[in-house]
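Here are the chains, one letter per residue:
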Amino acid sequence: MRNDHLGKYLNDFESLIDTPFMSLDKIEWWLLKHSDAQKQIIAYQESKYTSFEHEDGSISRFPPLKEVLTESELKFLNLYSELETISEFHRSESSFEKELHIYREIKHSPSDVKDWVAKHEVLATQDYAYFLVDYLDYDVNAKHLNVNIYRIKEFELYIDHEDFKYTVEFLTLFNDLFYTQHVLPESIAKIRAEMDSLPFYDEELDEE
């Protein structure tokens, strides 16, 4: 499968960046419009995998040793993947807004705050662990979210901060309560114990 329109798809996306930042509405529109192309490229890529059947009947699949996709296809997939990821993150925006409202109602109760942090520990420390670093660590005065797209250097993509207003506020609050105020000291102790067990862990990092 080869798609002669991929260059046009990339140009179409670049043409949508007509302001200092891009809205989620435009991103969602582009993802929907080109979802079939993305599926076709992935299907073609997977068709080149080699299957190996083990003695127990299980099957392992291995990618080809040589890249089978063109540079345009790789660029397209990287762009689609990054935009799809940010789109998935955005689906929690309304939930974060509700949780912030709940926090404001219980913030004067230490026990309730501890329960609130415990409720969101897995989500914030795993699913969203690198969100702020990945999208807002490009400048000390960062405002809009910056999306870095591997293999594509032709344009810079910034997403309107308002689209992730509650996500950023929620994660900033959680990180302060969890990592700075140590509302869940047992969890911090567990993290430190796991880090201490790593052969490459340097205790000086912990002191910083």
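Up top is the structure.
Description of the structure in this document.

With that out of the way, let us pick up the overall build of the chain. When helices and strands are tallied, the chain shows 10 helices and 4 strands. Listed N to C, the secondary structure of the chain is α-α-α-β-β-α-α-α-α-β-β-α-α-α in terms of helices and strands. The dimensions of the chain, computed from C-alpha atoms along their principal axes, are 60 × 55 × 30 Å. For the chain, the residues scored as buried account for 35% of the 208 residues in total. Intrachain contacts of the chain at a sequence separation of at least 6 include 66% that bridge at least 24 residues. Accessible surface computed for the chain: about 13400 Å², of which carbon and sulfur atoms make up 50%. Within the chain, one finds 21 positive and 44 negative side-chain charges whose respective centroids are separated by 6 Å.

This part takes up the side chain of Gln38. Here Gln38 lies in helix α3 (residues 35-47). Residue classification places Gln38 among the buried positions, given a relative accessible area of 13%. Setting aside chain neighbours within four positions, we find Gln38 in contact with Phe76, Leu77, Tyr80 and Glu84.

Moving on, we come to the packing of helix α5 (residues 93-106) against helix α6 (residues 110-127). Where α5 meets α6, the closest approach of the two axes is 9 Å, and the angle between their N-to-C directions is 160°. When the axes of α5 and α6 are compared, the pair comes out roughly antiparallel. Read as a crossing pair, α5 and α6 show a hand that is left-handed. Contact residues: α5 offers Phe96, Glu99, Ile102, Tyr103 and Ile106, while α6 offers Asp112, Val113, Trp116, Lys119, His120 and Leu123. Residues that form the contact of α5 with α6 fall into these classes: 7 nonpolar, 1 polar and 3 charged.

The next thing to look at is helix α8 (residues 165-180). Taking 1.5 Å of rise per residue, the 16 residues of α8 would be expected to cover 22 Å, and the 22 Å separating its terminal C-alpha atoms lies within 8% of that figure. For α8, the full list of buried residues reads Thr167, Val168, Phe170, Leu171, Leu173, Phe174, Leu177 and Phe178. Those residues of α8 that are buried lie in contact with α5, α6, α7 (131-136) and α9 (185-196). A positive phi of about 55° marks His182, the residue just after α8.

Phe13, Trp30, Phe76, Val117, Phe131 and Phe164 are the most contacted members of the largest nonpolar core, which has 53 residues in total. For this core, the element with the most residues is helix α4 (residues 71-90), which contributes 8 residues. Those residues in contact with Phe13, other than ones at most four positions away along the chain, are Met22, Trp30, Leu79, Leu83, Phe155 and Leu157.

We now examine the packing of helix α2 (residues 24-33) against α4. For any two helices packed against each other, the geometry comes down to the angle between their axes and how far apart the axes lie. Relative to each other, α2 and α4 sit at 130°, their axes nearing to 10 Å. Here α4 runs oblique to α2, going by the angle between their axes. α4 is crossed by α2, and the crossing has left-handed handedness. Contacts from Leu24, Ile27, Glu28, Trp30 and Leu31 in α2 reach Phe76, Leu79, Tyr80, Leu83, Glu84, Ile86, Ser87 and His90 in α4. Of the residues in the contact of α2 with α4, the class split is 9 nonpolar, 2 polar and 2 charged.

With that out of the way, let us pick up the packing of aromatic side chains. Considering all chains together, one arrives at 17 aromatic pairs under this definition. Each ring, one from Phe89 and one from Phe131, has its centre 5.2 Å from the other, and the planes form 85°; the classification is edge-to-face. A residue pair is termed long-range when its members are at least 10 positions apart, and Phe89 in helix α4 and Phe131 in helix α7 qualify at 42 residues. By relative accessible area, which is 17% here, Phe89 ends up buried. Ring centres of Phe89 and Tyr135 lie 6.2 Å apart, and the angle between their planes is 80°; on these two criteria the pair is classed as edge-to-face. Pair noted here: Phe89 is in helix α4 and Tyr135 is in helix α7, with a separation of 46 residues, a long-range link. Each member of the pair, Phe89 as well as Tyr135, is classed as buried. Taken together, the aromatic side chains of Phe89, Phe96, Tyr103, Trp116, Tyr128, Phe131, Tyr135, Phe164 and Phe170 make up a single cluster linked through ring pairs.

Analysis parameters
Residues numbered from 1 in each chain as written. Predicted model: local features only at pLDDT ≥ 70, side-chain atom pairs only at ≥ 80, totals over all residues. Heavy atoms only, no water. Helix = DSSP H or I, 4+ residues; strand = E, 2+ residues; numbered from the N terminus. Buried < 20%, exposed > 50% of the residue type's maximum accessible area, 1.4 Å probe, protein only. Contact = heavy atoms within 4.5 Å. Areas by Shrake-Rupley, 256 points an atom, 1.4 Å probe, with all protein chains shown as cover. Lys, Arg positive; Asp, Glu negative; His and termini not counted. Charge placed at Lys NZ, Arg CZ, Asp CG, Glu CD. Axes fitted to C-alpha atoms, helices over the stretch in contact; angles between N-to-C directions. Parallel < 35°, antiparallel > 145°, perpendicular 65-115°, else oblique. Left-handed = near helix turned anticlockwise from the far one by under 90°. Nonpolar A, V, L, I, M, F, W, Y, C, P; charged D, E, K, R; others polar. Expected span 1.5 Å × (residues − 1). Core = buried A, V, L, I, M, F, W, Y, C linked by side-chain atoms within 4.5 Å. Phe/Tyr/Trp six-rings, centres within 6.5 Å; stacked < 30°, edge-to-face > 60°.

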